[in-house]
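# Examining the three-dimensional arrangement
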Amino acid sequence: MHIRVENLTHIYNQGTPLERTALHEVNLEIEAGERIGLVGPTGSGKSTLVQHLAGLLQPTTGRVLLAGTPIHSKGATARSLRLQVGLAFQYPEDQIFEQSVFREVAFGPRNLGLDETEVKARVHWALEMVGLDPARIGPRMPFTLSGGERRRVALASILAMRPRVLILDEPTAGQDPQGRRALWEKVGQWQQETGMTLIIVSHALEELARLVERVIALRAGRVVADGPTREVLSDARLLRDIGLDVPEPVALLQALRQAGKDVRTDRLLPAEAAAEIASAWGLRRAGA
Amino acid sequence: MKAIPIGMYVPGDSILHRLDPRVKMGVTLVLMTIPFAIHSPWSYLTLSAFIATLVLLAGVPPRTLWRTLRTVFGIAFLMFFLYLFTTPGEPLLAVGPIALTWQGVLAAGGQIYRLCLLVITASLLTFTTSPMQLTHGLEAMLSPLERVRLPVRELAMVLTIALRFVPTLQEEIDKLAKAQRARGADFTGGPLRRARNLVPIFVPIFVSAFRRADELATAMDARGFRSTPHRTRMRRLHLGYRDLLAMLIVLGLVLTLIGLG
Amino acid sequence: MHPFIVIENLQYVYPLESGEQIVALRDVNLSIERGEFVALIGPNGSGKSTLARHLNALLIPTGGTVWVDGLRTSDPHNVWAVRRKVGMVFQNPDNQLVATTVEEDVAFGPENMGVPAEEIRQRVDEALAIVGLEAYRQYPPQMLSGGQKQLVAIAGALATRPSCLVLDEPTSMLDPVGRRQVLNTIQRLNAEEGITILLITHSMSEAASAQRVLIMNAGTIVMDKPPAEVFAHGAKLQALGLSLPPIVDIAHRLRAEGLPLPPTVLTLQDLVKALCTSA
């Protein structure tokens, strides 16, 4: 589904001493099926922007178009469009309220007005997508599950709506490294299987580098960079400027370059950086 | 959810901000009883002038004051019509059994005026006194009751923690409402439907409140909290010359108003 | 002199409602010297937090002994003295601040300990100066960033003048800026104030800045070595679901390519230096 953000400005608490401009004249174009990373420091407007994409906020000025239709217009069309955008907030397990995993995951599909056979099929599909066994986990009470499992249930409850755009806000926050790796892998699989648009808000730049093809950087409510992942995430000056960590492989290659070595600096992953250094040091031919 | 307009603290450094919270609370009580004890127009004029001076001294933005007054519009409207049509007297205008009287107009106007004075006086206290100071003031004013074994410090602690978590809770409710709306939850419709639809918000809120309470209790334990008389306070309240002066001025006002009737 | 913390055969078992016994810690033996900086790493559920809570008598061993500066934590008379010696900082910045302003919160610990008002004031000023938040003393917590809230929590612990800080995943809910703020402060406290640090973390890069890394798995300590030696056990780490910090990872890969790099390479500077002398 094509997304278009036009001159979007959002001001919180307008007309009070607490007034704050969270987004300032943002323009974006996102094609169906793109995999996008959204980066920026706390308070840069990332979470305001994704809430607009899901139609959860009213713009102060400007608008958001989903498949050409303004997302904020009244009526059934706009509502059904909004429901095609799935949004997982940070720590989505905090939103679990039902007494069984099945009912929790079925909440969204039921709100879509689907019949029970379809609801059941979707719940099964969604639980399988997050790596949980529907027969075993479905009847359980959510709060008897581990933190990692609850996170997956919450994500399944969003997947079960079969969104055409999936927005994840720090999907692996608070998980241990093993849980993180498993979840990042899953996210990639969902996108491949469904072809949906994926928008990930995260500070985990190495994981983003493996998953997304385009990175949008925000600072103080404005888009300050928007381009291919390799380009944006190897721009050390930009990243430092907006308060993000420079991926260590990039920082290393830059330090080597400053020391007079002839190396490319746009290598985001440890393996890529090692290969780059190995070839520059004559250990093997470039590209080998 | 919008910020609560009543009780909103407006940070500042005015003379009213710097007064001792106990003095401010006492004076507020006095100022709020006066409108019920005075009758003459001169008294009202004096009191109004006094409160207007306080508003100016406090440096509260007029817009904030207006927003606060607006919250009582509903009640004011109701009161106005109640007094307008139920006060017996000389009819100015009569439609069937309902009569509009000159006395009614005066009474209704007077009540609205009083209500406004009360609201402004009360909000002057909350505008210029942080919740923390209010708690301190309350704790200090109630401390004699510790002799009759009222756990005043603990109550103050509970109040402080409640105040501390109001904004956190507001944020959380806001986030949950959005998260559930993104899953198709609908918070519109009749009251019964709405109440049922709030389950997806309130269940998680309770769950998280318990978790928060648990974590907070652990953190307080780790920081050596225990309910004993050994606890001390960093901040102790001192009455300064400013506070004495304020009390004298209000005493003067009360005497003047008694004189005016 | 005895080490600051001595743990002997610590076991912690608790019953579930179903009557089942959960062994959260078993056979933990550990000693930490005054002024050490120790990192504790391990998967969720491995017992890290349970161990941390034994260090200031929030939990009492069901078997074995924990000594803090020569005081046995299982002796009820020692609880308050132990809590004065060991300060704790927790993961969620929102759920450990109790007051509505920064300075009132920092004062909470000393108030509990019955410190006189003038001295509390002095300690609060000092603690806020150490974490660099003097300008925020009157701020309500909700107006601070996550990193700043954690610094307030650290200041609150410092105000009781502890010799040791135990930090339970203090950076896991923070953004990179907050993470750096908190980590720098912890390093400074250790280097300049001589405070003993136990830092629980999921980040191998954070662990690399410690003098010693403990790895926990299934309720016990499975490795206790300086970072360089820990990182040499790449395969064992992988089996525990842990990954190497990127720089160490790159160094390993280059060694595999035949580049002779010293085993002490831990930081970016180390690696740049080693590479520039090897070519």
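Residues numbered from 1 in each chain as written. Chains lettered and ligands numbered in written order. Predicted model: local features only at pLDDT ≥ 70, side-chain atom pairs only at ≥ 80, totals over all residues. Heavy atoms only, no water.

## With respect to empty space enclosed by the protein
- Enumeration over the complete set of coordinates arrives at 5 cavities of 30 Å³ or more.
- Approximately 140 Å³ is the volume found for the largest cavity.
- Met132, Met157, Thr160 and Arg233 of chain B together with Glu111 of chain C are, among the 15 residues lining the largest cavity, the residues nearest its centre.
- Listing elements by their share of the lining of the largest cavity, those giving two or more residues are helix H7 (131-142) and helix H8 (152-182) of chain B together with helix H3 (102-112) of chain C.
- Residue-level mapping places the lining of the largest cavity at the junction of two domains, with at least three residues from each of domain 1 (15-142 + 240-260) and domain 2 (152-222) of chain B. (1 Å grid on protein atoms, 1.4 Å probe; cavity = no way out; pocket = protein on both sides within 12 Å on 5 of 7 lines; lining within 4 Å. Points joined across faces, edges and corners; volume = space filled by probe spheres on them. Helix = DSSP H or I, 4+ residues; strand = E, 2+ residues; numbered from the N terminus. Domains from an automatic or database assignment.)

## Section: the interface of chain A and chain C
- Each side of the interface is counted separately: chain A has 31 residues, and chain C has 29 residues.
- Connecting chain A to chain C are 1 salt bridge.
- A salt bridge links arginine 180 of chain C to aspartate 245 of chain A, with the shortest nitrogen-to-oxygen separation between them at 2.2 Å.
- Counting across the chain A and chain C interface gives 5 residue pairs in polar contact (both at pLDDT 80 or more).
- Only helix H7 (177-194), helix H11 (248-258) and helix H12 (270-280) of chain A provide two or more residues apiece to the side of chain A that touches chain C.
- Considering only residue class, the side of chain A that touches chain C consists of 18 nonpolar, 6 polar and 7 charged. (Contact = heavy atoms within 4.5 Å. Salt bridge = Lys/Arg side-chain N within 4 Å of Asp/Glu carboxyl O. Polar contact = N/O pair within 3.5 Å; in protein donor to acceptor, adjacent residues only side chain to side chain. Nonpolar A, V, L, I, M, F, W, Y, C, P; charged D, E, K, R; others polar.)

## So, the sheet that holds strand S8 (residues 196-200) of chain C
Residues and elements named next belong to chain C.
- Read across the open sheet, the 6 strands follow the order S6-S7-S8-S3-S9-S10; overall the sheet is mixed. Both outer strands of the open sheet, strand S6 (86-89) and strand S10 (220-225), are each paired with one neighbouring strand and no more. Sheet twist, expressed as the mean angle between neighbouring strand axes with direction ignored, is 20 degrees.
- As paired elements, strand S9 (residues 212-217) and S10 share 5 bridges and run antiparallel to each other. Paired with valine 213 across the strands is lysine 225, a residue of S10. (Pairing = 2+ DSSP bridges. Axes fitted to C-alpha atoms, helices over the stretch in contact; angles between N-to-C directions.)

## Describing the interface of chain B and chain C
- Between chain B and chain C, the contact holds 28 residues from the first and 37 residues from the second.
- Between chain B and chain C, a total of about 3100 Å² is buried, with carbon and sulfur atoms accounting for 53% of that surface.
- Contact with chain C buries surface across chain B, with Arg164, Arg223 and Met234 of chain B losing the most and accounting together for 31% of the total.
- At the junction of chain B and chain C, the tally comes to 3 salt bridges. (Buried area = accessible area lost by both parts, 1.4 Å probe.)

## Section: the sheet that holds strand S2 (residues 20-30) of chain A
Residue and element names in this part refer to chain A.
- Reading across the sheet, the 4 strands line up as S2-S1-S4-S5 and stay open at both edges, with antiparallel pairing between neighbours. Only two strands of the sheet have a single neighbouring strand rather than two, namely S2 and strand S5 (69-70).
- One ladder, built from 2 bridges, connects strand S4 (residues 61-66) with S5; its direction is antiparallel. Opposite leucine 65, over in S5, you have proline 70 as the bridge partner.
- Strands strand S1 (3-12), S2 and S4 of the sheet are contacted by helix H1 (residues 46-53), whose axis makes an angle of about 125 degrees with S1.

## Description of helix H2 (residues 21-33) of chain B
Residue and element names in this part refer to chain B.
- Here H2 contains 13 residues, and its C-alpha end-to-end distance of 19 Å stays within 8% of the 18 Å for a straight helix at 1.5 Å per residue.
- For H2, the set of buried residues is Pro21, Val23, Lys24, Met25, Val27, Thr28 and Leu31.
- Here the buried face of H2 lies against helix H1 (15-18), helix H3 (41-58), helix H6 (102-128), H7 and helix H11 (241-260).
- For H2, the N-terminal capping position is held by aspartate 20, with its side-chain oxygen 2.7 Å away from the main-chain nitrogen of arginine 22. (Expected span 1.5 Å × (residues − 1). Buried < 20%, exposed > 50% of the residue type's maximum accessible area, 1.4 Å probe, protein only.)

## Some remarks on the confidence of the model for chain B
- With 96% of its residues at a pLDDT of at least 70, chain B reaches an overall mean of 84.
- Every residue in residues 1-6 of chain B is under pLDDT 50, and counting partners more than four places away or in other chains gives 9 contacts. (pLDDT = per-residue confidence, 0-100.)

## Observations regarding the domain arrangement of chain A
- The assigned domain composition of chain A is domain 1 (1-84 + 164-170 + 192-232), domain 2 (91-162) and domain 3 (247-283).
- Here domain 2 of chain A and domain 3 of chain A have C-alpha centroids that lie 44 Å from each other.

## What about the packing of helix H10 (residues 246-256) of chain C against helix H11 (residues 268-278) of chain C?
All names here are of chain C.
- Between H10 and H11, whose axes approach to 9 Å, the crossing angle comes to 25 degrees. Relative to H11, H10 is oriented roughly parallel. Note that H10 runs across H11; the crossing there is left-handed. Residues Ile247, Ile250, Ala251 and Leu254 of H10 pack against Leu268, Leu271 and Leu275 of H11.
- Across the contact of H10 with H11, the residue classes tally to 7 nonpolar, no polar and no charged. (Parallel < 35°, antiparallel > 145°, perpendicular 65-115°, else oblique. Left-handed = near helix turned anticlockwise from the far one by under 90°.)

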